[in-house]
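# A closer look at the structure
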Amino acid sequence: MPKKSLKQISIMAVLIVWSAICLYPLLWMIGASLKNSQEVMQSYSLFPSETWHWGIFVDVWNKLQFFKYFTNSVNVTFFTLIGVNFIYSLGAFAFAKLDFPGKTAIFYAFLAMMFVPGITILIPLYLTEYYLGILNSHLGLILPMVNGAGPFAMFLFRNYFHSIPHEIYESAKLEGSGLFRIWWRIYFPLSLPAVATITIMNFLGSWNTLVLPMVMLTNKDLFTLPLAVMLLDSGVFRQWNVLMAGSLISIAPVILVFFFMQKYYIQGLSSGAIKS
């Protein structure tokens with residue numbers, strides 16, 4: 001057998017094994033959600049051996065008050081994505097096309113914030129929001145998530161704007177267009193793959209975040225969907241089948257968004273992220 005074929009087979013085998021390892025937790029979640037509570041703990045099979053309990057999803061859907069908490073999650077996620085794309089595409093445009101003192105130093109200082117774990121600033125963040133009067137509100141979730149998304153979004157947007165020929169910028173300036181109009185009419189539309197990448201990444205983060213809402217929210221009416229799923233586990237004994245069904249319901253929007261936008265996500269990572 002040709003050497004190249006052996007290499008390809010080896011790579012495929014490794015990828016198949018790795019894919020199976022990555023998919024196993026999701027398959028276990030699906031299987032556990034279709035079992036009764038006793039079978040989840042006693043059986044080692046991936047899926048129910050006898051009865052498939054589809055009714056668990058109906059019970060969890062009603063108990064979860066899905067649309068109420070879904071609306072809260074949509075509200076937080078939507079305004080987070082708007083803030084991230086608007087603020088950091090503008091900032092990246094300035095870093096990519098304008099000249100001002102300390103531009104490089106400021107940019108790298110901004111990127112350095114990627115190495116600061118978000119969990120380490122929870123206490124000062126809590127105190128800041130307390131004095132600003134935005135604790136226990138969706139604004140108190142949106143602002144930290146917009147801020148946390150800044151370094152990578154700025155990096156990706158800046159690199160993508162650098163990949164666009166500078167002659168386009170100069171031509172627009174000669175035509176008398178202002179900076180904001182150049183950004184809005186030319187650079188932002190051309191950066192849609194980067195927008196898609198940043199949108200998907202931050203959609204995943206803001207939709208699934210749990211620690212920040214746990215710290216900042218006490219009013220159950222403001223809870224996001226992951227917090228509502230956590231409330232399902234309120235009994236003395238943990239019902240894994242109920243928790244897994246609730247988790248599947250909560251991640252369904254994430255899977256759908258990624259499925260429909262994966263083409264632009266990959267394009268944004270492979271083009272804007274490697275050009276300078």
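Preceding this paragraph is the structure being described.
Anyway, here's the lowdown on the structure attached to this text. Keep in mind that what you see is a predicted model, and the values were worked out from it rather than measured.

## Describing the overall build of the protein chain
- Along its length, the protein chain carries 14 helices and zero strands.
- Ordering the α and β elements of the protein chain from the N terminus gives α-α-α-α-α-α-α-α-α-α-α-α-α-α.
- With the C-alpha coordinates of the protein chain rotated into their principal frame, the extents come out at 75 × 70 × 30 Å.
- Taken across its 276 residues, the protein chain has 39% of its residues classed as buried.
- The long-range fraction of contacts in the protein chain, counting pairs at least 24 apart against all pairs at least 6 apart in sequence, stands at 73%.
- For the protein chain, the accessible surface area stands at approximately 16300 Å², while carbon and sulfur atoms represent 69% of it.
- Charge centroids of the protein chain, computed over 16 positive and 10 negative side chains, lie 9 Å from each other.

## Regarding the nonpolar core
- Leu 64 and Phe 161 are the most contacted members of the largest nonpolar core, which totals 59 residues.
- Sequence-distant contacts of Leu 64, defined by excluding residues within four places in its chain, comprise Tyr 69, Leu 225, Ala 228, Val 229, Leu 232 and Ile 249.

## Observations concerning the packing of aromatic side chains
- As enumerated under the stated definition, the model contains 25 aromatic pairs in all.
- Both rings, one in Phe 93 and one in Phe 161, keep their centres 6.2 Å apart while their planes meet at 85°; by these two values the pair is edge-to-face. One end of the pair, Phe 93, is in helix 4 (residues 66-97); the other, Phe 161, is in helix 8 (residues 150-163), and 68 residues separate them in sequence. Just as Phe 93 is buried, Phe 161 falls in that class too.
- Through a chain of ring-to-ring contacts, three or more aromatic side chains come together here, namely Trp 61, Phe 66, Phe 67, Phe 70, Phe 203 and Trp 207.

## Points about the packing of helix 4 against helix 8
- Following both chains from N to C, one finds helix 4 and helix 8 inclined at 50°, their axes separated by 8 Å at the closest point. When the axis of helix 4 is compared with that of helix 8, the two are oblique. In the packing of helix 4 onto helix 8, the handedness of the crossing is right-handed. Facing helix 4, whose interface residues are Val 84, Asn 85, Tyr 88, Ser 89, Gly 91, Ala 92, Phe 93, Phe 95, Ala 96 and Lys 97, helix 8 presents Gly 150, Ala 153, Met 154, Phe 157, Arg 158, Phe 161 and His 162.
- Split into classes, the residues belonging to the contact of helix 4 with helix 8 amount to 10 nonpolar, five polar and two charged.

## Quick word on the packing of helix 9 (residues 166-174) against helix 10 (residues 179-190)
- Viewed as axis vectors pointing N to C, helix 9 and helix 10 meet at an angle of 130°, and their least axial separation amounts to 10 Å. Judged on the interaxial angle alone, helix 10 and helix 9 are oblique. Handedness of the helix 9/helix 10 crossing: right-handed. Residues Ile 168, Tyr 169, Ala 172 and Lys 173 of helix 9 form the contact with helix 10, whose own contacting residues are Leu 179, Ile 182, Ile 186 and Tyr 187.

## Brief notes about the pattern of salt bridges
- Under the definition given, this model contains two salt bridges.
- Ionic pairing is found between Asp 221 and Lys 68, a salt bridge with its closest N-O pair at 2.8 Å. Linking Asp 221 in the loop between helix 12 (211-216) and helix 13 (225-231) with Lys 68 in helix 4, this pair joins segments that are 153 residues apart in sequence.
- In this structure, the salt-bridge partner of Asp 99 is Lys 103, at a minimum N-O distance of 3.5 Å.
- Residue Asp 99 is classed as exposed on the basis of its relative accessible area of 74%.

Criteria and cut-off values
- Residues numbered from 1 in each chain as written.
- Predicted model: local features only at pLDDT ≥ 70, side-chain atom pairs only at ≥ 80, totals over all residues.
- Heavy atoms only, no water.
- Helix = DSSP H or I, 4+ residues; strand = E, 2+ residues; numbered from the N terminus.
- Buried < 20%, exposed > 50% of the residue type's maximum accessible area, 1.4 Å probe, protein only.
- Contact = heavy atoms within 4.5 Å.
- Areas by Shrake-Rupley, 256 points an atom, 1.4 Å probe, with all protein chains shown as cover.
- Lys, Arg positive; Asp, Glu negative; His and termini not counted.
- Charge placed at Lys NZ, Arg CZ, Asp CG, Glu CD.
- Core = buried A, V, L, I, M, F, W, Y, C linked by side-chain atoms within 4.5 Å.
- Phe/Tyr/Trp six-rings, centres within 6.5 Å; stacked < 30°, edge-to-face > 60°.
- Axes fitted to C-alpha atoms, helices over the stretch in contact; angles between N-to-C directions.
- Parallel < 35°, antiparallel > 145°, perpendicular 65-115°, else oblique.
- Left-handed = near helix turned anticlockwise from the far one by under 90°.
- Nonpolar A, V, L, I, M, F, W, Y, C, P; charged D, E, K, R; others polar.
- Salt bridge = Lys/Arg side-chain N within 4 Å of Asp/Glu carboxyl O.

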